[in-house]
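# Report on the structure
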Amino acid sequence: MNLLNMKQRNLRSENKKNSNLKLISSTIKNLSKKGINELTMNDVSQGAGLSQGIVNFHFKSKELLLIETLKYISNEYLHSFQRSIAKKGNDPRKKIIGIVENDLYYQSLTENIFDELIKKEKVKLSKKNISRGFQALIMGLWLDQLEDPDTFNRIQAKKICFEFIKSNFPKQFKRIL
């Protein structure tokens, strides 16, 4: 294979990746506006500034587009979560604050963090139950945001999360928000 062919193949691959990202970004925006049932492939193509044919070429159906969008969101969540936790050092209080601020969900790590908070607070709580309750709260608020982005209040959602944490760990979270 000559150099020109390699450059052309790399360019096509890069163009495909850019088109996919545009389509996924448009899907996310349109999902937050319309919801999953009202979303159409036409909405996605218009939002991305691409033709309907390009959408159908990259994603054969709405279901496949939604699956790829969910994979993208999940990967972004995981990478953001890992970066956020790493920035907080070893302080479990700061880690929990980081999770709330990033609206993230990840079972085993949150259980370990809550285990540390429980030990520091010297209370008899189940790390599994506290972690699941916290995650259910985060996910419920995240779903509220997807279902009704016009009335969703991110500041109020953060307050709800911090009130849950303060109610279980009052000694460590006296002054928050």
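Residues numbered from 1 in each chain as written. Predicted model: local features only at pLDDT ≥ 70, side-chain atom pairs only at ≥ 80, totals over all residues. Heavy atoms only, no water.

### As for helix 4 (residues 62–87)
The periodicity of an α-helix, 3.6 residues per turn, causes residues three or four places apart in sequence to face the same way. The first and last C-alpha atoms of helix 4 sit 37 Å apart over 26 residues, in line with the 38 Å expected at 1.5 Å per residue. Listed as buried for helix 4 are L65, L66, T69, Y77, F81, S84 and I85. At the C-terminal side of helix 4, G89 shows a positive phi close to 70 degrees. (Helix = DSSP H or I, 4+ residues; strand = E, 2+ residues; numbered from the N terminus. Expected span 1.5 Å × (residues − 1). Buried < 20%, exposed > 50% of the residue type's maximum accessible area, 1.4 Å probe, protein only.)

### Comments concerning a positive patch on the surface
Taken together, the side chains of K122, K171, K174 and R175 make up a positively charged region of the molecular surface. By the element assignment, K171 lies in the segment after helix 8 (154–168). (Patch = residues over 30% accessible without salt bridge, like charges linked within 9 Å, V, L, I, M, F, W, Y side chains within 5 Å. Areas by Shrake-Rupley, 256 points an atom, 1.4 Å probe, with all protein chains shown as cover. Salt bridge = Lys/Arg side-chain N within 4 Å of Asp/Glu carboxyl O. Lys, Arg positive; Asp, Glu negative; His and termini not counted. Charge placed at Lys NZ, Arg CZ, Asp CG, Glu CD.)

### A short note on the side chain of E111
Looking at the element boundaries, E111 is found in helix 6 (residues 107–121). Here E111 occupies a buried position and makes no salt bridge, while the nearest side chain of opposite charge, K128, is found at 4.4 Å. Apart from residues no more than four positions distant in its own chain, E111 is found in contact with K127, K128 and S131. (Contact = heavy atoms within 4.5 Å.)

### A short note on the nonpolar core
Where a protein is soluble and globular, its nonpolar side chains tend to be buried together. One finds I96, I165 and F169 to be the most contacted residues of the largest nonpolar core, which totals 20 residues. Taken together, the elements giving at least two residues each to this core come down to helix 4, helix 5 (92–102), helix 6, helix 7 (127–147) and helix 8. Sequence-distant contacts of I96, that is, excluding residues within four places in its chain, are made with I113, F114, L117, I165 and F173. Core analysis: the second largest hydrophobic core is formed by eleven residues, L23, M41, V55 and L66 among them. (Core = buried A, V, L, I, M, F, W, Y, C linked by side-chain atoms within 4.5 Å.)

### Topic: the environment of L143
Residue position: L143 is located in helix 7. We classify L143 as partly exposed; its relative accessible area is 40%. Separated by 111 residues in the primary sequence, L143 and S32 place their C-alpha atoms 9.8 Å from one another.

### Here's the deal with helix 8
Taking 1.5 Å per residue, 15 residues should reach 21 Å; helix 8 reaches 22 Å between its end C-alpha atoms and fits that length. Within helix 8, burial applies to A157, C161, F162, I165 and N168. An end-on view of helix 8 places all buried positions within 130 degrees of arc, on one side of the element. Facing away from the buried side of helix 8 by over 90 degrees, the exposed positions are I155, E163 and S167. The N-terminus of helix 8 is capped by N153, whose side-chain oxygen sits 3.0 Å from the backbone nitrogen of I155. (Arc of directions from axis to C-beta. Polar contact = N/O pair within 3.5 Å; in protein donor to acceptor, adjacent residues only side chain to side chain.)

### Looking at the pattern of salt bridges
Inspection of the entire model under this criterion finds two salt bridges. E68 serves as the salt-bridge partner of K71, at 3.3 Å between the closest nitrogen and oxygen. Placement of the pair is K71 and E68 together in helix 4, with a separation of three residues, close to one helical turn. Owing to a relative accessible area of 47%, K71 belongs among the partly exposed residues under this scheme.

### Focus on the packing of aromatic side chains
Across all of its chains, the model carries three aromatic pairs by this definition. Both rings, one in F114 and one in F169, keep their centres 5.9 Å apart while their planes meet at 20 degrees; by these two values the pair is stacked. Placement of the pair is F114 in helix 6 and F169 in the segment after helix 8, with a sequence separation of 55 residues. Three or more aromatic residues joined by ring pairs form one cluster here, namely F114, F134, F164 and F169. (Phe/Tyr/Trp six-rings, centres within 6.5 Å; stacked < 30°, edge-to-face > 60°.)

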